[in-house]
Amino acid sequence: MRMRISPSFGSAMASSFTVCRLHTIGRGSLVKCLQKVDTFLHRNIGTNVVAVQEKNGFKSLYAVQAERQEQAERSVLISCHSRTNEKKFLKYIANYGDIQKYFFYESYGMYAVVEFANQESVASLLEGTAIPSISHESLVPFKSRLLSMRNLGSVDLSNQPSGKKRQAQTSIPINELIQRLSKEESIDQQITSLTEAYQLTEENYRLRYLVCSLLKDIAAGFFPECTIMPFGSSVNGFGKLGCDLDMFLDLDGISGKNATMPKSGLFLEYQMKRANLERIVTQNILSVIGECVDQFGPGCVGVQKILNARCPLVRFAHQPSGFQCDLTANNRVAMKSTELLYLYGELDPRVRHLVFTVRCWARAHSITSSIPGAWISNFSLTVMVLFFLQRRSPPIIPTLNHLRDLAGPEDKSVIEDNDCTFVSDFSKIRLESNTETLEQLLCEFFEFYASFCFRTLSINIRKGKEQNKPEVAPLHIQNPFETTLNVSKNVNASQVDRFVALCQESSWLIQQNITAPSRDGTKGKATITPWGVSTLLLPSQVAAIKSRKRRKIEPASERIKSLLESLKNTNNQQNQS
Ligand code: GTP
Ligand code: MG
């Protein structure tokens, strides 16, 4: 049997400018490439306005998603031994069809993702798999594309997957990152390096789409033509290795929602059991799918049905990938927010760099948390960065209203009476020529929010201008599409105070550490002193002093109170579900 294996991911986009422009999602070296494009544009276009048309290689999120979804359907996930012989493994798998791509990774054991050139190869592989018989246990006979390779001959260490091919799918620890950044020569390089260390890799993107595809196989038992798509930071360009996997079960394509009703002919009698409210239908569907995932989903553990939340969801851990998953349905506005964030990230490379740095800084100081609570969410933080970039002079990114004005009839989108229309054709967007460096932008970001009047003003990316707060809330960030809502409604006053104090401190700190210290020490043993962005990630002095003072005055700190509150809410949600 012929075996065709493409070179490892990423190498194709290592050097060539043209090739880089075609691969928008594999970002490793793309980040650097985009910077070159950007500098090129600034250097060569003497006018005040830069046309995004110059960067026409960008694909819409829909196009990227369709391509990745199709790749995932041709793929299988195989659990193997930690000393699997790579050559023997590939030879064995190639018996079932041409291998297009493959990689190994570690997550509580060794796994391989194998993408075949044709979907038929997956069927033929499944035909060829043996069903294990275990005499003393009863098994659920559910056939999936999660397989396990056993007893593949002798171990040969020289043939094990190499380090690069068996990367862990998690980000490096913060201390390691601080060390790495301290070795860089400039703050701009530190920011670029931080983005490269944290952003999702090509393999991680593929794994995320594959998990969605495996989940779709389960849901397809009830809804054969459904799709399950990732959204949020898994696809918007701001995802960090290890971020959760938000999934959207899309039934609109089969619900007949947007179809015109024929006058005569055959109709599906029980296509939808009637219910008064769409929310109840969503809850019922998620309840059934959640049950199936719990009972039959290979590798899915800790399934919780959180159906009474504002946006009902099924939460679980997918062990083979290590992803924490949230499955939602009927969540089209969130898909639109994802698309909008993706578009902003594609418009100018500085957007993504700044968002990554601010997210990382916020996480290092516990401004954000993976536990839901009264803290600022990553989504809110990203909107704050976007708003800041709209407020630069000249602005780095346009307002949402401007993107709406550029939209064509094909972009029209109204979801539950909310206008979600904005332009999808990148070539219609013209950017103003702002040449600020990442270093300047980071310093200015801290200054901007250190003195922002959170007491009276609301952050509004639709208008690109602060507005008077329409309601009382410590932090008000207008939801870009559901404009009567505040995306940071959960945030309490003490969290806003902490954020402002940290912005003040960081603004001061970065000014003090703006240049790299000269390296001392003997050959090969240079001392690495944190400087620039690294110092921003070290434990905060101001916040520590403040919290010590506060502890004396308050019987229980706000932080503990909000943690208790969040635990109570989580318990309530679990009891209700
Ligand atoms: P991390 O998971 O923290 O990395 O970021 P995320 O952007 O994925 O955030 P999260 O998982 O909390 O939410 C997933 C997506 O849902 C976001 O990217 C948004 O598109 C959307 N979303 C989250 N919170 C809100 C909100 O309050 N309002 C709106 N409109 N959309 C939200
Ligand atoms: Mg998420």
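Right above here is the structure, for reference.
Since the model is a prediction, treat every value here as computed from it, not as a measurement.

1. Side note on the pattern of salt bridges
Then, in step 1: Tallying each qualifying case throughout the model produces 18 salt bridges.
Then, in step 2: A salt bridge links R315 to D326; its shortest N-O distance comes to 2.7 Å. Taken together, the residues R315 in strand β9 (residues 313-318) and D326 in strand β10 (residues 323-329) connect sequence positions 11 residues apart.
Then, in step 3: Using a relative accessible area of 10% as the deciding quantity, one classes D326 as buried.
Then, in step 4: Connected through shared salt-bridge partners, R68, E70, R74, E115, E202 and R206 make up one network.

2. Considering the site of ligand 1
Then, in step 1: Lining the immediate environment of ligand 1, one finds 16 residues, of which S233, D244, D246, N378 and N479 sit closest.
Then, in step 2: Backbone polar atom of A334 to an oxygen atom of ligand 1: 3.4 Å apart, as the coordinates give it.
Then, in step 3: Taking R359, its side chain carries an N or O atom lying 3.5 Å from an oxygen atom of ligand 1.
Then, in step 4: Residue assignment for the shell around ligand 1 shows that the elements contributing at least two residues are α11 (332-347) and α13 (378-390).
Then, in step 5: Per-element accounting of the shell around ligand 1 gives the leading share, 3 residues, to α11.
Then, in step 6: Residues of the shell around ligand 1, tallied by class, amount to 5 nonpolar, 7 polar and 4 charged.

3. Considering the packing of aromatic side chains
Then, in step 1: A full pass over the atoms with the stated rule returns 22 aromatic pairs.
Then, in step 2: Look at F387 and F452: their rings are 6.4 Å apart centre to centre, the planes differ by 90°, and that puts the pair in the edge-to-face class. In this pair, F387 sits in helix α13 while F452 sits in the loop between α15 (438-450) and β14 (457-458), placing the two residues 65 residues apart along the sequence.
Then, in step 3: Since its relative accessible area comes to 0%, F387 is described here as buried.
Then, in step 4: Centre to centre, the rings of F448 and Y449 are 4.8 Å apart; their planes meet at 90°, and the pair counts as edge-to-face. Y449 shares its class with F448; the two are buried.
Then, in step 5: An aromatic cluster is present here, built from W361, F387, F388, F445, F446, F448, Y449, F452, F454 and F499 joined pairwise through their rings.
Then, in step 6: Sitting over the ring of F323, R208 keeps its end group 4.3 Å from the ring centre.
Then, in step 7: Its end group placed over the ring of Y198, K240 keeps NZ or CZ at 4.8 Å from the ring centre.

4. Looking at the environment of R315
Then, in step 1: Exposure remark for R315: the relative accessible area of 24% places this residue in the partly exposed category.
Then, in step 2: Distance in space between the C-alpha atoms of R315 and C325 is 5.6 Å, their sequence separation being 10 residues.
Then, in step 3: The residues contacting R315, other than those within four sequence positions of it, are G302, V303, Q304, I306, Q324, C325 and D326.
Then, in step 4: At a separation of 2.7 Å, a polar atom in the side chain of R315 contacts the side chain of D326.

5. Topic: the sheet that holds strand β3 (residues 99-106)
Then, in step 1: Pairing in this open sheet of 4 strands is mixed, and the strands run β3-β4-β2-β5 from one edge to the other. In this open sheet, the two strands that pair with only one neighbour each are β3 and β5 (146-148). The average undirected angle you get between the axes of adjacent strands in this sheet is 25°.
Then, in step 2: Relative to strand β4 (residues 110-116), strand β2 (residues 75-80) is paired through 6 bridges, and the arrangement is antiparallel. By the bridge assignment for β4, S79 is matched with Y111.
Then, in step 3: Contacts between helix α4 (residues 86-93) and the sheet are confined to β2, β3 and β4, with β3 contributing the most and set at about 140° to the helix.

About the criteria used
Residues numbered from 1 in each chain as written. Chains lettered and ligands numbered in written order. Predicted model: local features only at pLDDT ≥ 70, side-chain atom pairs only at ≥ 80, totals over all residues. Heavy atoms only, no water. Salt bridge = Lys/Arg side-chain N within 4 Å of Asp/Glu carboxyl O. Helix = DSSP H or I, 4+ residues; strand = E, 2+ residues; numbered from the N terminus. Buried < 20%, exposed > 50% of the residue type's maximum accessible area, 1.4 Å probe, protein only. Near = heavy atom within 4 Å. Polar contact = N/O pair within 3.5 Å; in protein donor to acceptor, adjacent residues only side chain to side chain. Nonpolar A, V, L, I, M, F, W, Y, C, P; charged D, E, K, R; others polar. Phe/Tyr/Trp six-rings, centres within 6.5 Å; stacked < 30°, edge-to-face > 60°. Lys NZ or Arg CZ within 6 Å of the ring centre and 35° of its normal. Contact = heavy atoms within 4.5 Å. Pairing = 2+ DSSP bridges. Axes fitted to C-alpha atoms, helices over the stretch in contact; angles between N-to-C directions.

Geometric descriptors of this kind do not, in isolation, establish any biological role.
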